[in-house]
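A structural walkthrough
As a plain string of letters, each chain reads:
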Amino acid sequence: MENSLDVVILAAGKGTRMRSQRPKVLHPILGIPLLEYVLRAVRPLSPRRVIAVVGHGADEVRKAFAGRDIVFVDQREQLGTGHALRCARGAVGAPRFLVLPGDVPLVPPDALKRLVREHASRGAILSLLTFSPEDPGGYGRVLRDEAGVPRAIVEAADASPEILAVREVNSGIYCMENARELWDALEALSNANAQGEYYLTDLVAALYPRTHALLWDDPADLTGVNTRGDLARAEWLLRKRIVARLQEAGVTVVDPHTAYIGPDVVVGEDTVLHPGVFLYGRTEIAAACEIGPQAYLVDSVVEDGARIWFSVLEGAHVGAGARIGPYAHLRPGARIGRGARIGNFVEVKNAEIGEGVRAGHLAYIGDAEVGAGANIGAGTITCNYDGIRKHRTVIGRGAFIGSNTALVAPVTVGEGAIVGAGSVITEDVPPYALALGRSRQVIKPDWAKKKGGA
Ligand code: UD1
Ligand code: MG
């Protein structure tokens, strides 16, 4: 039954209350756009087809979701949610379909499954998910008859004070039959209301009593995002849930208030997340790591027992037991070997750093390969860019690069070689050699005295 279901997501609205140039459904929480959350929520129902109605910023929305299994339909003028569904009519093929707004990111798949089940068992033409938030604010109020069958939804803008006092509100999520009666009612909607829009919500009165409402008990699940305030609230709700899930899995989160952890992030047992952790994208942290204070990681992998503090990692890989920071920046393609140390003000990009390498201070290592156990002195710079192309630097196992060395790539320093401090290395250094690439110091005895005329 479930796979004979289509899904229609209404995502054409202007999002006026966001006051934004960006379409509302592309606003992110924890780095992921609102629409993506809705797409994920419907996935477990294995819909036959997912249809997205786009209008305001349609090109941007299509681009952001290019290559995804979504049928886009246009709503050129945003005349209301009822009008939006009219635009999708031609794309709906399954005998039954769900309608969801693009701005309800936290809806759980279980709520959708239950809605579909109850809808089918009641033989309704339209069923909706409702909830009772602390503050029913701008949501549509749900009116039920004595038997509990929903007979109308009244939008807040159109509601009398008595109706505004109703606590049960519309989530904007519906299950509908792909039936003549439904489409006829949709075509017959009027826009004679406070907002001059075709309200999808008017279908309830039109189809009553073949309607059903499922009151979902956790209002947080059905929070709609209409303003920047709603956006922040939804993110906070999600953050609390993610922290709770990690805590159950054996992760210490020292300060949940400053832990920003995306929904796809994985964290292993006995890892401690200190205050000010920002873990986004596909970041994976293994067991018994110490992350933070202040660590920003996106799409990065950290193996067992590593420590990362006051640092930024983007697309980086950190081996077991390595120590990163304070103030390190690991950029895409940085692969740090087991037990290595990347410390104060060191930047690494597209570089393979071997096991046990030490780069403790003020260095730039880009487009490089550094053998196990090498020592990178303070102020070492790989000069990887000649203004046109990037070139590689190779540093052999156990090599010692003296402080303030410029390695002008392409260049290779052999295994066990030593480079004297302050060198500019433009030619390859053979294994175990000493290379000095600096001018010889000159001493002029008593020169200073003479200069002073003494
Ligand atoms: C809507 C419901 C309200 C419900 C609330 C739940 C209506 C009239 N009201 O109000 O009862 O309590 O959701 O969150 O349906 N959209 C279009 N085309 C349009 C207008 C809107 O695609 O012409 C899309 C929007 O992009 C959005 C969704 O429909 O994703 C809902 O629109 P929105 O303006 O947010 O409606 P609400 O005021 O939240
Ligand atoms: Mg809304």
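All of the points below concern the structure found in this document.

Cut-offs applied
- Sequence order as written defines the numbering, with residues in each chain counted from 1.
- Both sets of labels track the order of writing: A upward for chains, 1 upward for ligands.
- For a predicted model such as this one, the threshold for reporting local features is a pLDDT of at least 70, and the threshold for listing and counting side-chain atom pairs is 80 or more; totals across whole chains, interfaces and linings nevertheless cover every residue.
- Each side-chain value is derived from all of the structure's non-hydrogen atoms; neither hydrogens nor water enter the calculation.
- Strands are runs of DSSP state E lasting at least two residues, helices are runs of H or I lasting at least four, and both sets are numbered from the N terminus onward.
- Polar contacts here mean pairs of N or O atoms no more than 3.5 Å apart (in protein, one a potential hydrogen donor and the other a potential acceptor; neighbouring residues in sequence count only if both atoms are side-chain atoms).
- Any two residues having at least one pair of non-hydrogen atoms within 4.5 Å are treated as being in contact.
- Excluding water, the donors of a metal are its N, O and S neighbours within 2.8 Å, or within 3.2 Å for Na, K and Ca, and that exclusion means sites may look incomplete.
- Throughout, exposure labels follow a simple rule: accessible area from a 1.4 Å probe, protein chains only, divided by the maximum for the residue type, with under 20% read as buried, over 50% as exposed, and the rest as partly exposed.
- Near is defined per residue: the residue qualifies when any heavy atom it owns lies within 4 Å of the molecule or strand.
- In this description, accessible areas are obtained by the Shrake-Rupley approach with a 1.4 Å probe, and a residue is regarded as covered only by the protein chains that are shown.
- Pairing between strands requires that DSSP locate at least two bridges from one strand to the other.
- Look down the strands so they point away from you; if going from the first strand over the helix to the second traces a clockwise path, that crossover is right-handed.

As a further point, take the side chain of Glu118. Inspection of the secondary structure assignment puts Glu118 in helix α4 (residues 109-122). In terms of polar contacts, Glu118 uses its side chain to reach the side chain of His212, at 2.6 Å. In contact with Glu118, not counting residues within four places along its chain, are His212 and Leu214.

For the magnesium ion (ligand 2), the full set of protein donor atoms is Asp103 (OD) and Asn226 (OD1), and the range of their distances to it is 2.1 to 2.2 Å. A residue pair is termed long-range when its members are at least 10 positions apart, and Asp103 in the loop between β6 (96-101) and α4 and Asn226 in the loop between β11 (211-215) and α8 (228-248) qualify at 123 residues. In this structure Asn226 comes out as buried when scored by relative accessible area, which is 17%.

Moving on: the environment of Val302. Position of Val302 relative to the elements: it lies in strand β20 (residues 301-302). Owing to a relative accessible area of 1%, Val302 belongs among the buried residues under this scheme. Once residues lying within four places of it in the same chain are set aside, the contact partners of Val302 are Glu284, Ile285, Ala286, Cys289, Ile291, Leu297, Ile308 and Val318.

A word on the site of ligand 1. Close contacts around ligand 1 come from 24 residues, with Leu10, Gln75, Thr81, Glu155 and Asn170 the closest. A distance of 2.6 Å is found between a nitrogen atom of ligand 1 and a side-chain nitrogen or oxygen belonging to Gln75. About the coverage of ligand 1: the protein hides 90% of its 750 Å² of free accessible area. If you list the elements that add at least two residues to the shell around ligand 1, you get β1 (5-11), α3 (81-88) and β10 (169-177). The element that contributes the greatest number of residues to the shell around ligand 1 is β10, accounting for three residues.

Turning our eyes to something else, we now look at the pairing of strand β5 (residues 71-74). Note: strand β4 (residues 49-54) against β5, four bridges, orientation parallel. Each residue of the ladder has a partner; that of Val53, found in β5, is Val73. Handedness of the crossover joining β4 and β5 through helix α2 (residues 58-64) is recorded here as right-handed.

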